[in-house]
Amino acid sequence: MIELINNIIGNIHSSTPMIRWLVYVMVIVISSVIVLSFALLYEGFATYAERKVAGDIQARIGPNRVGPYGLLQFVADGVKLLLKEDIIPFYADKWLFIIAPYIVFTASFAAFVPLSYSDHVYVANMNVGVLYIIAVSSVVSMAILMGAWGSNNKWSLFGGMRAVAQIVSYEIPIILSLLAAIIIPSSLDMKDIILYQSGGLGIFRWIIFNNPFTLLAFFIYFTAAIAEVNRTPFDIPEAESELVAGYHTEYTGMRFAFFFMAEYGDMFIVSAIAATLFFGGWQIPFINGVAMPLWLRETLQVVVFLTKIFVLIYVMMWIRWTLPRLRVDQLMELCWKYLTPIAFFDLIGASVWVLLFNGKGVYDILSALFVH
Amino acid sequence: MGVLEDRLPENILFTTVDKFLNWSKKSSLWYMLFATACCGIELMQTGASRYDLDRFGAVFRATPRQSDLMIVAGTITHKMADRVKKLYAQMPSPKYVIAMGSCANTGGPFYKDSYAVLKGVDRIIPVDVYVPGCPPKPEALIEGIMKLQERIMEKKTLVKK
Amino acid sequence: MTENSKGYFKKMLDAVKSVFTGLGVTIGYGVSPGREVTQQYPEVKREPYDRFRGKLFVDINICTGCTACARICPVDAIVLKTVRDENKKLRPVVFDIDNARCIYCGLCVEACPVDNCLYFRKEYEFSSYSKDELISHFGLGELPQPDKPAADRPSPDMPAQAGPAKDQPVQGKTDETRKEEGK
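No experiment lies behind these values; they were computed from the predicted model shown.

(A) Seen up close, the overall build of chain C. Each helix and strand counted, chain C has 4 helices and 5 strands in total. Residue burial in chain C is summarised as follows: out of 183 residues, 33% are buried. Across chain C, contacts joining residues at least 24 apart in sequence account for 71% of those joining residues at least 6 apart. Entry remark: accessible area of chain C is about 11,700 Å², with carbon and sulfur atoms responsible for 55%.

What follows is the structure, given as structure tokens:
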């Protein structure tokens, strides 16, 4: 965005620093408003889509009375949550209790920033994009513990401790499997990773098809990412409310809505990383070489990117309504005894492949053999 | 609603805003999973596939802090009555109660000779809709919820009563 | 170490296979339209079975006033008061059934000696805002009395004087309730 502003108002370079900083701040505010509205609109529709997908899989109809086909359901939910009375328990730690939902939402929303939605549409092009997203998503676990401790409720504390244990443990398979994918384009910048995957009809140079090791890395990453977001089958912290109580027991009204929306925001982020690193980001399949006007190409790229993300989110919802919930010791066993060793060996295998074939994938080798 | 409640005159703008607020309250009635006895099974069936309560926007939440409808389904003993009162107090307003089945209405089959059953849940909490039956059919419970939705639409929040 | 790690790879393969089997089952429901079993309630109502126990109904014109139903009801949901009229027949003056208290057990239907007098109907949608509305009044109401001083008011066992003929409609508060209940 800063380069965009420099391009548009390039001659302001020579003006006073005060005006330049004022323009930058205005640009930051406007871009935050745009990204925030996109994030909130997406999160509203995600709650509606979740109930409809759940209804389809469970052989029933989801909401269908509230608007046409139930489309206004999230509006009704949001307004109702705003109208609820705000209860803060008497013995609760007041500042921790109040701040926790804001931090969860901020951490989840701040990770929308380094994503590149298309060739020229991005908010901020960081050269450490992937590292930034993983670091910011870890703040969520701290904020959950703040909320759980501040509730002064023993079940909230259990839920919060289990949530922190789960999120911190599953960071390790995530990072290892992402490393197995990052060593191929050798860059942490989101845009460079997507540009590496261009060519080859827009499909065959995806990093997931590069290597049998990256194929395995995708499945490890996806499993660990579902655990990171606290979705079933790993939702011991939050749907423990179906057993005892979760970390958001004592939150009413809009404070609860922040936790709720942050979960869907996290789903978007995790799917966006998977789509960028493994599935080629905004590369349009099959018609990438066709000449078309710039606005059409950019729009198509944004649409393709969002489609890949929504397909992955549909897969996450599909898994939620299929599998039963894991017990907390089974969850820890899965992470430490199965996913982490496999991710280590996967990383070693991917490194050996890169060493042997000099970073070329299966498609590159085959096309070098058969098509001179 | 605090400061704004019950203060504004009754003209077309504020009654429309009231109608919008009431529409949002009635379209997303989140009920608390409170199932004590046989009526609880009928409550679970009403949320299941054949008679779907999710069509009306009603999902179940397990904690009273996030629910605005408590469907008292089942027999309430004197030991449980204490807890029912606490759970009702923990729900944030606006809150509604539906008494489902004979046991919640008037103590049910235990009316005459039982020393341990609370004869009707409206002795401890205010009830909005009574659904009779032993147990009521899921369609009868859905009709009770629709009657509650009609009552919610008639409420005046912003406008002077 | 070996007994804990026995079947390490077998467990993994089992897990992966069962997850994909489960996903295959649910996707069949997820993508194919029209597999819902929901009966959308206010538009689609299923007809209950023949012996379904809905609301109780009394055909008051053939009730003999024997009070067997009120005596056998386990929760005292039936209130029955009778008066002898000029033909020495018992007329049920007050016959209230409290539908909130009734447990739909059917003992009163079995105890009633008259065929087709007290029976269950198929109506099940009658929730209300207060318990008073749930009481059905089937009684014939008090017979209209001419103005008499308090000492000469008829007791329940004496025949009433100057009552209306049996086939004329009886005034009283039960008329409109009978119209709406007895449909």
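(B) Region of the structure containing unusual backbone geometry. A cis geometry characterises the amide bond from Ser-93 of chain B onward to Pro-94 of chain B, with omega recorded as 0°. In this structure, Pro-94 of chain B sits in the loop between helix H3 (78-90) and strand S4 (96-100). Note the cis peptide between Cys-134 of chain B and Pro-135 of chain B, where omega equals -10°. One non-glycine residue, Tyr-69 of chain A, adopts positive backbone phi at about 60°. In this structure Tyr-69 of chain A comes out as exposed when scored by relative accessible area, which is 66%. Of note, Asp-76 of chain C is a non-glycine position whose phi angle comes to about 55°, a positive value. Mapped onto the elements of the fold, Asp-76 of chain C is located in the loop between helix H2 (68-72) and strand S2 (78-84).

(C) Region of interest: the interface of chain B and chain A. Opposite the 30 residues of chain B that make contact, chain A presents 30 residues. Summing both sides of the interface, chain B and chain A together bury roughly 2,600 Å²; the carbon and sulfur share of this comes to 57%. There are 6 salt bridges connecting chain B and chain A. Asp-52 of chain B serves as the salt-bridge partner of Arg-60 of chain A, at 3.1 Å between the closest nitrogen and oxygen. Joining chain B to chain A, the criterion identifies 17 residue pairs in polar contact (both at pLDDT 80 or more).

(D) Representation of H3 of chain B in the model. All names here are of chain B. When the terminal C-alpha atoms of H3 are compared, their 19 Å separation across 13 residues agrees well with the 18 Å that a helix rising 1.5 Å per residue should span. The set of residues buried in H3 consists of Ala-81, Val-84, Leu-87 and Tyr-88. For H3, the angular spread of the buried residues around the axis is 125°, confining them to a single face. Facing away from the buried surface of H3 by more than 90 degrees, the exposed residues are Lys-79, Asp-82, Lys-86 and Ala-89. Buried positions along H3 lie against strand S1 (31-32), strand S3 (69-73) and S4.

(E) Expanded view of the interface of chain B and chain C. Opposite the 31 residues of chain B that make contact, chain C presents 28 residues. With both sides pooled, the region where chain B packs onto chain C buries about 2,700 Å², and carbon together with sulfur makes up 57% of that total. Three residues stand out in chain B for area buried against chain C, namely Arg-50, Tyr-130 and Pro-132 of chain B, and they jointly supply 21% of the buried area on that side. Counting across the interface, chain B meets chain C through 13 residue pairs in polar contact (both at pLDDT 80 or more). Elements supplying a minimum of two residues to the side of chain B that touches chain C: helix H4 (101-106), strand S5 (129-131) and helix H5 (138-153) of chain B. Of all the elements, H5 of chain B adds the most residues to the side of chain B that touches chain C, at 9 residues. Among the residues making up the side of chain B that touches chain C, the classes are represented as 12 nonpolar, 7 polar and 12 charged.

(F) Representation of the side chain of Arg-61 of chain B within the structure. Mapped onto the secondary structure, Arg-61 of chain B falls in strand S2 (residues 60-61). A relative accessible area of 17% means that Arg-61 of chain B is categorised as buried. There is a polar contact of 3.1 Å between the side chain of Arg-61 of chain B and the side chain of Gln-66 of chain B. Those residues within four positions of Arg-61 of chain B in sequence are excluded, and the remaining contacts are His-248 and Phe-256 of chain A together with Trp-30, Tyr-31, Met-32, Leu-33 and Gln-66 of chain B.

(G) Representation of the side chain of Ser-67 of chain B within the structure. Relative to the helices and strands, Ser-67 of chain B is located in the loop between S2 and S3. Exposure remark for Ser-67 of chain B: the relative accessible area of 0% places this residue in the buried category. Side-chain polar atoms of Ser-67 of chain B contact the backbone oxygen of Thr-63 of chain B, separated by 3.5 Å. Within the structure, Ser-67 of chain B has its side chain in polar contact with the backbone oxygen of Pro-64 of chain B (distance 3.3 Å). With residues near it in sequence (within four places) discarded, Ser-67 of chain B still touches Lys-84 of chain A together with Trp-30, Tyr-31, Met-32, Met-91 and Pro-92 of chain B.

(H) Quick peek at the confidence of the model for chain C. Residues and elements named next belong to chain C. Averaged over all residues, the pLDDT of chain C equals 77, while 74% of them reach at least 70. Averaged over each element, pLDDT in chain C is lowest for helix H4 (residues 174-181) (46) and highest for helix H3 (residues 107-111) (91). Contacts for the low-pLDDT stretch residues 155-179, under 50 throughout, to residues beyond four places or in other chains number 34 contacts. Reported for the predicted complex are a pTM of 0.85 and an ipTM of 0.87.

(I) Seen up close, the packing of aromatic side chains. Tallied over the full model, the rule gives 35 aromatic pairs over all chains. When the centroid spacing of 6.2 Å and the interplanar angle of 15° are considered together, the rings of Tyr-42 of chain A and Phe-310 of chain A count as stacked. Highlighted residues: Tyr-42 of chain A in helix H2 (residues 17-57) and Phe-310 of chain A in helix H11 (residues 294-320), separated in sequence by 268 residues. Given the relative accessible area of 40%, Phe-310 of chain A is considered partly exposed. Arranged with centres 6.3 Å apart and planes meeting at 40°, the rings of Phe-109 of chain A and Phe-112 of chain A form a pair that is tilted. Of the residues examined, Phe-109 of chain A reaches a relative accessible area of 19% and is grouped as buried. For Phe-112 of chain A, a relative accessible area of 0% gives the class buried. A connected cluster of aromatic rings, assembled from ring pairs, spans Phe-38, Tyr-42, Tyr-102, Phe-105, Phe-109, Phe-112, Tyr-117, Phe-258, Phe-268, Phe-305 and Phe-310 of chain A. Here the guanidinium or amino end of Lys-80 of chain A rests over the ring plane of Trp-30 of chain B, the centre of that ring lying 4.0 Å away. Here Arg-205 of chain A stacks its cationic end above the ring of Tyr-196 of chain A, 4.9 Å away from the centre of that ring.

(J) Molecular detail of the state of the cysteines. Scanning the model with the defined rule gives 0 disulfides over all chains in all. Cysteine Cys-134 of chain B remains unbridged, with the sulfur of Cys-103 of chain B as its closest cysteine sulfur at 5.9 Å. Between Cys-112 of chain C, a cysteine without a disulfide, and Cys-117 of chain C, which holds the nearest cysteine sulfur, the sulfur-to-sulfur distance is 4.4 Å.

(K) Expanded view of the environment of Ile-172 of chain A. Residues and elements named next belong to chain A. With respect to the helices and strands, Ile-172 occurs in helix H7 (residues 154-182). With 91 residues separating them in the primary sequence, Ile-172 and Glu-263 have C-alpha atoms 20 Å apart. Sequence-distant contacts of Ile-172, defined by excluding residues within four places in its chain, comprise Trp-336 and Thr-340.

(L) Seen up close, the sheet that holds strand S3 (residues 90-98) of chain C. Residue and element names in this part refer to chain C. Spatially, S2-S3-S5 is the arrangement adopted by the 3 strands of the open sheet, whose pairing is antiparallel. The sheet terminates laterally at S2 and strand S5 (135-137), the two strands that pair on one side only. Shown here is a sheet whose adjacent strand axes are inclined to one another by a mean of 15°, direction ignored. As defined by bridge partners, S3 adjoins S5 across 3 bridges and the pair is classed as antiparallel. By the bridge assignment for S5, Asp-96 is matched with His-137.

So, how was this worked out
- Residues numbered from 1 in each chain as written.
- Chains lettered and ligands numbered in written order.
- Predicted model: local features only at pLDDT ≥ 70, side-chain atom pairs only at ≥ 80, totals over all residues.
- Heavy atoms only, no water.
- Helix = DSSP H or I, 4+ residues; strand = E, 2+ residues; numbered from the N terminus.
- Buried < 20%, exposed > 50% of the residue type's maximum accessible area, 1.4 Å probe, protein only.
- Contact = heavy atoms within 4.5 Å.
- Areas by Shrake-Rupley, 256 points an atom, 1.4 Å probe, with all protein chains shown as cover.
- Buried area = accessible area lost by both parts, 1.4 Å probe.
- Salt bridge = Lys/Arg side-chain N within 4 Å of Asp/Glu carboxyl O.
- Polar contact = N/O pair within 3.5 Å; in protein donor to acceptor, adjacent residues only side chain to side chain.
- Expected span 1.5 Å × (residues − 1).
- Arc of directions from axis to C-beta.
- Nonpolar A, V, L, I, M, F, W, Y, C, P; charged D, E, K, R; others polar.
- pLDDT = per-residue confidence, 0-100.
- Phe/Tyr/Trp six-rings, centres within 6.5 Å; stacked < 30°, edge-to-face > 60°.
- Lys NZ or Arg CZ within 6 Å of the ring centre and 35° of its normal.
- Disulfide = S-S within 2.5 Å.
- Pairing = 2+ DSSP bridges.
- Axes fitted to C-alpha atoms, helices over the stretch in contact; angles between N-to-C directions.

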